[in-house]
Amino acid sequence: MALLKVKFDQKKRVKLAQGLWLMNWFSVLAGIIIFSLGLFLKIELRKRSDVMNNSESHFVPNSLIGMGVLSCVFNSLAGKICYDALDPAKYARWKPWLKPYLAICVLFNIVLFLVALCCFLLRGSLENTLGQGLKNGMKYYRDTDTPGRCFMKKTIDMLQIEFKCCGNNGFRDWFEIQWISNRYLDFSSKEVKDRIKSNVDGRYLVDGVPFSCCNPSSPRPCIQYQITNNSAHYSYDHQTEELNLWVRGCRAALLSYYSSLMNSMGVVTLLVWLFEVTITIGLRYLQTSLDRVSNPEEPESESEGWLLEKSVPETWKAFLESVKKLGKGNQVEAEGADTGQGPEAG
């Protein structure tokens, strides 16, 4: 028994075809929007690729760009099909290709839904990418004279200023690395020598941070050196001076920024997906109702359209049987090829 059967007369078929034609061109615009969102996200990620560990974070924007292009192509073609559907001579050319086309549309809708889910679910991968990338970037902060790394100081400083953050997880991350270049250290100074000798790696570590960690909202001049030494500054307690430096780490700041972008894009993609599903259902009804017109020379006759020719369990069972037959057919062909090669080899 057919699933969700609906009766159509000529007037209903005309309205359905015209409505689908209009919806398909709206979907072309939606595809352009998805493409633009993916391109925007890719550009935003490229801007800060120096503080990202790998290219896994580009999966979402690349997927959005690809699905946007496919949406424009498929919906343009569907619009042409709907336009030609009311002319029996033109529709006859499309009729053999409609079932494969609808199958491709279903597959496209499944992939589009998965891409929308990825916009919400890839936060963990992005967090790891940002964490490791920022950690490496901070290590290279002092290498202003090293080719290929001389830009890292500016990149980190601009990042901390723009996103009002400090360090990877917080300002204390700067205490664990030497972020001052040896070029600006006086190695004849006893203090410098003592600090270098005080750790196994021979690094110059200080309880200080770069200037870009300073919060301009602080009522006092920024304290960026001897941050944890209360006695080094008048009327100062580093545990209560929250306005002195940015408290939030840059990983959390960047993750929040990119997550909000990806969540918004995921919502837009889901709305487009719902629209695409509606169009695919409409195309299925148009295809079945036109195929069931008893006499094509009398277009005013009534016909029935449905979503599935059989019930869902029967359709699924028939699909599995067709897959099994296809697998057996390939196996028989392979055995036949092996058998045919035997005499030739002898």
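Residues numbered from 1 in each chain as written. Predicted model: local features only at pLDDT ≥ 70, side-chain atom pairs only at ≥ 80, totals over all residues. Heavy atoms only, no water.

(A) A nonpolar patch on the surface, seen in detail. Judged by side-chain polarity, Val106, Ile110, Leu114, Leu117, Phe120, Leu121, Val267, Leu271 and Leu274 come together as a nonpolar surface patch covering roughly 800 Å² of accessible area. Secondary structure elements with two or more residues in the nonpolar patch: helix H3 (88-121) and helix H7 (250-291). Here the nonpolar patch gets six residues from one element, more than from any other, and that element is H3. Structurally, Ile110 can be placed in helix H3. For Ile110, a relative accessible area of 46% translates into the label partly exposed. (Patch = residues over 30% accessible without salt bridge, like charges linked within 9 Å, V, L, I, M, F, W, Y side chains within 5 Å. Areas by Shrake-Rupley, 256 points an atom, 1.4 Å probe, with all protein chains shown as cover. Salt bridge = Lys/Arg side-chain N within 4 Å of Asp/Glu carboxyl O. Helix = DSSP H or I, 4+ residues; strand = E, 2+ residues; numbered from the N terminus. Buried < 20%, exposed > 50% of the residue type's maximum accessible area, 1.4 Å probe, protein only.)

(B) A look at the state of the cysteines. All chains considered together, the criterion is met by three disulfides. The residue that forms a disulfide with Cys165 is Cys250, at a sulfur-sulfur distance of 2.1 Å. Torsion about the S-S bond of the Cys165 and Cys250 cystine: about 85°, corresponding to right-handed handedness. Of this pair, Cys165 sits in the loop between helix H5 (152-163) and helix H6 (190-197) while Cys250 sits in helix H7; the two residues are 85 residues apart in sequence, bridging distant segments of the chain. There is no split in this pair, since Cys165 and Cys250 are both buried. Paired through a disulfide, Cys214 and Cys222 show a sulfur-sulfur distance of 1.9 Å. An S-S torsion of about -75° defines the bridge between Cys214 and Cys222 as left-handed. Residue Cys222 is classed as partly exposed on the basis of its relative accessible area of 30%. The connectivity of the disulfide bonds within the protein chain can be written as 1-6, 2-3, 4-5, using the sequence rank of each bonded cysteine. There is no disulfide at Cys119, and the cysteine sulfur nearest it, in Cys118, is 7.2 Å away. (Disulfide = S-S within 2.5 Å.)

(C) Spotlight on the UniProt feature "transmembrane region" (unreviewed entry) in the protein chain. Cross-referencing UniProt, the feature "transmembrane region" (unreviewed entry) maps to residues 20-41 and 101-122 in the present numbering. Secondary structure content for residues 20-41 is 100% helix and 0% strand, while the C-alpha to C-alpha distance between its ends is 31 Å. A helix fraction of 95% and a strand fraction of 0% characterise residues 101-122, whose end C-alpha atoms lie 31 Å from each other. (UniProt positions renumbered as here; feature names shortened; annotations may be inferred.)

(D) Inspection of the environment of Cys213 at higher detail. Residue placement: Cys213 occurs in the loop between H6 and H7. Judged by its relative accessible area of 0%, Cys213 falls in the buried class. Separated by 42 residues in sequence, Cys213 and Phe171 place their C-alpha atoms 7.5 Å apart. Filtering out sequence-adjacent residues up to four positions away, Cys213 remains in contact with Gln160, Cys166, Gly167, Trp174, Asn244, Leu245 and Trp246. (Contact = heavy atoms within 4.5 Å.)

(E) Just the confidence of the model for the protein chain, in detail. Residues of the protein chain with pLDDT of at least 70 account for 82%, and the chain-wide mean is 83. Per-residue pLDDT, averaged within each element of the protein chain, yields its smallest value for helix H8 (residues 312-345) (58) and its largest for H5 (94). Scored below 50 in pLDDT, residues 342-346 shows zero contacts in the model against residues more than four places distant or in partner chains. (pLDDT = per-residue confidence, 0-100.)

(F) Structural detail: unusual backbone geometry. Phi is positive for Lys164, close to 55°, though the residue is something other than glycine. Of note, Lys164 is situated in the loop between H5 and H6. Of note, Ser235 is a non-glycine position whose phi angle comes to about 50°, a positive value. As for its placement among the helices and strands, Ser235 is situated in the loop between H6 and H7. The exposure class assigned to Ser235 is exposed, which follows from its relative accessible area of 57%.

(G) Up close: the nonpolar core. Ranked by size, the top nonpolar core spans 71 residues in total, and within it Leu41, Trp174, Val209, Leu254, Tyr258, Leu283 and Leu286 carry the most contacts. Within the residue set of this core, elements represented by two or more residues are helix H1 (10-47), helix H2 (59-84), H3, helix H4 (123-139), H5 and H7. When residues of this core are assigned to their parent elements, the largest contribution, 14 residues, is made by H7. Looking at this core, you find at least three residues from each of domain 1 (3-137 + 252-310) and domain 2 (171-247). (Core = buried A, V, L, I, M, F, W, Y, C linked by side-chain atoms within 4.5 Å. Domains from an automatic or database assignment.)

(H) Representation of the packing of H2 against H7. The geometry of H2 relative to H7 is characterised by a closest axis approach of 12 Å and an angle of 25° between their N-to-C directions. As far as their axial angle goes, H7 and H2 are roughly parallel. Between H2 and H7 lies a crossing of left-handed hand. Counted together, Val60, Leu64, Ser71, Asn75, Ala78 and Cys82 of H2 and Met262, Met265, Thr269, Glu276, Ile279, Leu283 and Leu286 of H7 form the full contact between these two elements. When its residues are assigned to classes, the contact of H2 with H7 shows nine nonpolar, three polar and one charged. (Axes fitted to C-alpha atoms, helices over the stretch in contact; angles between N-to-C directions. Parallel < 35°, antiparallel > 145°, perpendicular 65-115°, else oblique. Left-handed = near helix turned anticlockwise from the far one by under 90°. Nonpolar A, V, L, I, M, F, W, Y, C, P; charged D, E, K, R; others polar.)

(I) Here's a closer look at the pattern of salt bridges. Inspection of every chain in the model, using the stated rule, returns eleven salt bridges. Ionic pairing is found between Lys47 and Glu44, a salt bridge with its closest N-O pair at 2.9 Å. Of this pair, Lys47 and Glu44 both sit in helix H1, three residues apart, which is roughly one turn of the helix. Overall, the relative accessible area of 51% leaves Lys47 in the exposed class.

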